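Structure at a glance
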Number of protein chains: 2
Amino acid sequence: MRKPTTYPIVIEQQDTDCTYRASITTIIGKVLNVAGLDANSKGFGVDILNKKSYSWVLSRFSIEMDYLPKAFDRIEITTWINDCNRLMSTRNFIVYNSEGAKIGEAVSQWCMIDLNSRKAVDLSILNILQPTYGEYVLGSLDASIERPHKIPNAQSQTTHNHRAVYTDIDFNKHVNSLRYIDLMLDILPLEALTTPKPLRVDLQYIRESYYGDTLHIKCEKSDNNTTLFEITRDDNIQAAKCKIEWR
Amino acid sequence: MRKPTTYPIVIEQQDTDCTYRASITTIIGKVLNVAGLDANSKGFGVDILNKKSYSWVLSRFSIEMDYLPKAFDRIEITTWINDCNRLMSTRNFIVYNSEGAKIGEAVSQWCMIDLNSRKAVDLSILNILQPTYGEYVLGSLDASIERPHKIPNAQSQTTHNHRAVYTDIDFNKHVNSLRYIDLMLDILPLEALTTPKPLRVDLQYIRESYYGDTLHIKCEKSDNNTTLFEITRDDNIQAAKCKIEWR
């Protein structure tokens, strides 16, 4: 059986917001990038998948952080696959600060799509693409945080609109998972984002949106510490939902 | 006398656009990040400057690229200070591909501001902050591309508006230099950005803009291969100008 793998990460100056700390989007980006590096290095990353016209697509994500690291901090992210069925692969992460103390944890759930049909692919294909895939699934090593929550719809009168532009679209030819988070954060008051507090973020990616789509962003403060977000496309289909709890 | 310093850079998947190549903004970001790393490692970076309430601010920039590197490409960026007077420091860059062939060059011109007054500071202060600063100015080593051009104003009837939000603002507490480029690229047709061609970009940063400012973005195709951009603030003051030539 294999073991989790650890990646050293530096918080660069350009990763930080106006408080000189990583933004929520940046830390999630670092975690997702580690997922990509780990999958690529083990033979089941998008570099291999794309040659077969498949790609990983993030479906759900949860992260809890005691604090957001600041510019020039050297952190480490440990990752492993915790579970894989025909529909979904679950990958866990632990974030450590430069002293080796745990400062956060995350759980990501992925499906695979066929890039031509944009439909989900049965993940048992992984055993053909990479015969040692099963060895990397460490089923006994659960995360200590809850898996991504199902997120209620946001109730709000106010809708912010955004047309999906060039810089929103990634190599999967859809609006990038991280851009949805930016679009949601950008409608919060600045104080909410610049007051350091432990937090938990849940994300749910439902349907893809594409270049030129108009996205409608709703935001609801569901209690003192919790904010719900919802992004729908012009055809009223939900693209993404998010819940942020400051603790 | 010192020598130029070379930094290895990997084009990560998340650095690429929908064509799987670095975007114009990404490659400029990589170059500017190398400027930051180099200045920090030599004792005159923002890490030191910020403690004295100073910061580097990019004033003008030019870059020529034969092509934009693709995901997972390992490039190298060599950098050195070419010139420094009381108002402006000029830093040059050469971009190499993984085979060691030159694929691009860039010139950046920086001033220093006092973070309290937001006014320019006399750069001779560098010799006090870092007594060996002068040794790093390699005056005989000019770039082989032209220094940043003065950019004509864009003439256009159409203006795109953007309110500066949380994710636009950086540690300098103003709209980030790279975000202006994204805002300008995002109004171009997708084909212009996804057809690989050698290119030259000139940038001119004139005045800062801040959280909440409404930015007005104009774009003019000045000839078949050249596009001019201009971003003005609500008070009609120019914030940034850009010229992109596809060759």
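Figured I'd write up the structure that's included with this text. Owing to the predicted nature of the structure, the values given are computational and were not obtained by experimental measurement.

Parameters at a glance
- Residues numbered from 1 in each chain as written.
- Chains lettered and ligands numbered in written order.
- Predicted model: local features only at pLDDT ≥ 70, side-chain atom pairs only at ≥ 80, totals over all residues.
- Heavy atoms only, no water.
- Core = buried A, V, L, I, M, F, W, Y, C linked by side-chain atoms within 4.5 Å.
- Buried < 20%, exposed > 50% of the residue type's maximum accessible area, 1.4 Å probe, protein only.
- Helix = DSSP H or I, 4+ residues; strand = E, 2+ residues; numbered from the N terminus.
- Axes fitted to C-alpha atoms, helices over the stretch in contact; angles between N-to-C directions.
- Parallel < 35°, antiparallel > 145°, perpendicular 65-115°, else oblique.
- Left-handed = near helix turned anticlockwise from the far one by under 90°.
- Contact = heavy atoms within 4.5 Å.
- Nonpolar A, V, L, I, M, F, W, Y, C, P; charged D, E, K, R; others polar.
- Buried area = accessible area lost by both parts, 1.4 Å probe.
- Salt bridge = Lys/Arg side-chain N within 4 Å of Asp/Glu carboxyl O.
- Polar contact = N/O pair within 3.5 Å; in protein donor to acceptor, adjacent residues only side chain to side chain.
- 1 Å grid on protein atoms, 1.4 Å probe; cavity = no way out; pocket = protein on both sides within 12 Å on 5 of 7 lines; lining within 4 Å.
- Points joined across faces, edges and corners; volume = space filled by probe spheres on them.
- Phe/Tyr/Trp six-rings, centres within 6.5 Å; stacked < 30°, edge-to-face > 60°.
- Least-squares fit on C-alpha atoms with pLDDT ≥ 70 in both.
- Pairing = 2+ DSSP bridges.

**Brief notes about the nonpolar core**
By size, the foremost hydrophobic cluster in this structure holds 66 residues, and its most contacted members are I28 and F61 of chain A. Examining the composition of this core, we find that eight residues originate from one element, helix α1 (residues 24-41) of chain A, more than from any other. Core analysis: the second largest hydrophobic core is formed by 65 residues, Y54, W110, M184 and L193 of chain B among them.

**Some thoughts on the environment of I151 of chain B**
Residue and element names in this part refer to chain B. With respect to the helices, strands and loops of the structure, I151 is situated in the loop between α3 (126-129) and β7 (159-163). Assessed through its relative accessible area of 2%, I151 is described here as buried. It is 24 Å that separates the C-alpha atoms of I151 and V121, two residues lying 30 residues apart in sequence.

**Here's the deal with the packing of helix α1 (residues 24-41) of chain B against helix α4 (residues 177-185) of chain B**
In a packed pair of helices, the relevant descriptors are the angle between the two axes and the axis-to-axis distance. Residue and element names in this part refer to chain B. Close contact between α1 and α4 brings their axes to 9 Å; oriented N to C, the two are set at 170°. Our classification of the angle between α1 and α4 gives roughly antiparallel. Crossing of α1 against α4: the hand is right-handed. Every residue of α4 that contacts α1 at I24, T25, I28, G29 and L32 is listed here: L178, I181, D182 and L185. Along the lines of polarity and charge, the residues of the contact of α1 with α4 split into six nonpolar, two polar and one charged.

**Structural notes on the interface of chain A and chain B**
Counting from both sides, the interface comprises 30 residues of chain A and, opposite them, 30 residues of chain B. Roughly 2,700 Å² is buried in total at the junction of chain A and chain B, and carbon and sulfur atoms are behind 55% of that figure. Counting the surface chain A buries against chain B, the share from its top three residues, C18, Y166 and D186 of chain A, is 26%. Applying the counting criterion to the chain A and chain B interface returns zero salt bridges. The interface formed by chain A and chain B contains ten residue pairs in polar contact (both at pLDDT 80 or more). Contributions of two or more residues to the side of chain A that touches chain B are made by α1, α2 (46-49), α4 (177-185) and α5 (190-194) of chain A.

**What about the layout of surface pockets?**
Estimated volume of the second largest pocket: approximately 580 Å³. What lines the second largest pocket is a set of 23 residues, and nearest its centre among them are N161, H162 and L183 of chain A together with N161 and H162 of chain B. Tallied by class, the residues present in the lining of the second largest pocket amount to eight nonpolar, eight polar and seven charged.

**A word on the side chain of Q109 of chain B**
All names here are of chain B. Looking at the secondary structure, you find Q109 in strand β5 (residues 102-114). Take Q109: its relative accessible area is 10%, and that puts it in the buried class. Those residues in contact with Q109, other than ones at most four positions away along the chain, are V57, L58, S59, R60, M88, S89, T90, R147 and P148.

**With respect to the packing of aromatic side chains**
Residues and elements named next belong to chain A. Applying the stated criterion across every chain, the model contains ten aromatic pairs over all chains. Both rings, one in F44 and one in Y133, keep their centres 4.8 Å apart while their planes meet at 85°; by these two values the pair is edge-to-face. Of the two residues, F44 sits in the loop between α1 and α2 while Y133 sits in the loop between α3 (126-129) and β7 (159-163), which places them 89 residues apart along the sequence. Across the pair, exposure class does not vary: F44 and Y133 are buried alike. Between Y180 and Y205, the ring centres sit 5.9 Å apart and the planes meet at 45°, which makes this aromatic pair tilted. Here Y180, found in helix α4, pairs with Y205, found in strand β8 (residues 199-205); they are 25 residues apart in sequence, far enough to count as distant. Taken individually, Y180 and Y205 each receive the classification buried, so the pair is uniform in this respect.

**Here's the deal with the side chain of S177 of chain B**
All names here are of chain B. Along the chain, S177 turns up in helix α4. Note on S177: relative accessible area 17%, which makes it buried. Residues contacting S177, with those up to four places away along its chain left out, are L58 and Y205.

**Overview of unusual backbone geometry**
Where the residue is not glycine, phi is negative for most of them; where a peptide bond is considered, it is trans in most cases. Residue and element names in this part refer to chain B. Of note in the backbone geometry, Y20 takes a positive phi value of approximately 70° without being a glycine. Take Y20: it is sitting in the loop between β1 (5-10) and α1. A positive phi angle, near 75°, is found at F72, a position not held by glycine.

**Focus: the relation of the copies chain A and chain B**
When chain A is fitted to chain B, the residual RMSD is 0.0 Å, and the transformation amounts to a turn of 180° plus an axial shift of 0.0 Å. In symmetry terms, the pair is related by a two-fold rotation axis. For chain A, the minimum C-alpha distance to the rotation axis belongs to H162 of chain A and amounts to 5.2 Å. Residue by residue, 100% of the interface of chain A is reproduced at the interface of chain B, so both copies engage with the same surface.

**So, the pairing of strand β3 (residues 74-84) of chain B**
Residues and elements named next belong to chain B. Two elements, β1 and β3, share six bridges in a ladder whose sense is antiparallel. Following the sheet pairing, P8 is matched in β3 by E76. Linkage of β3 to strand β4 (residues 89-96), two consecutive antiparallel strands, is achieved through a turn of four residues.

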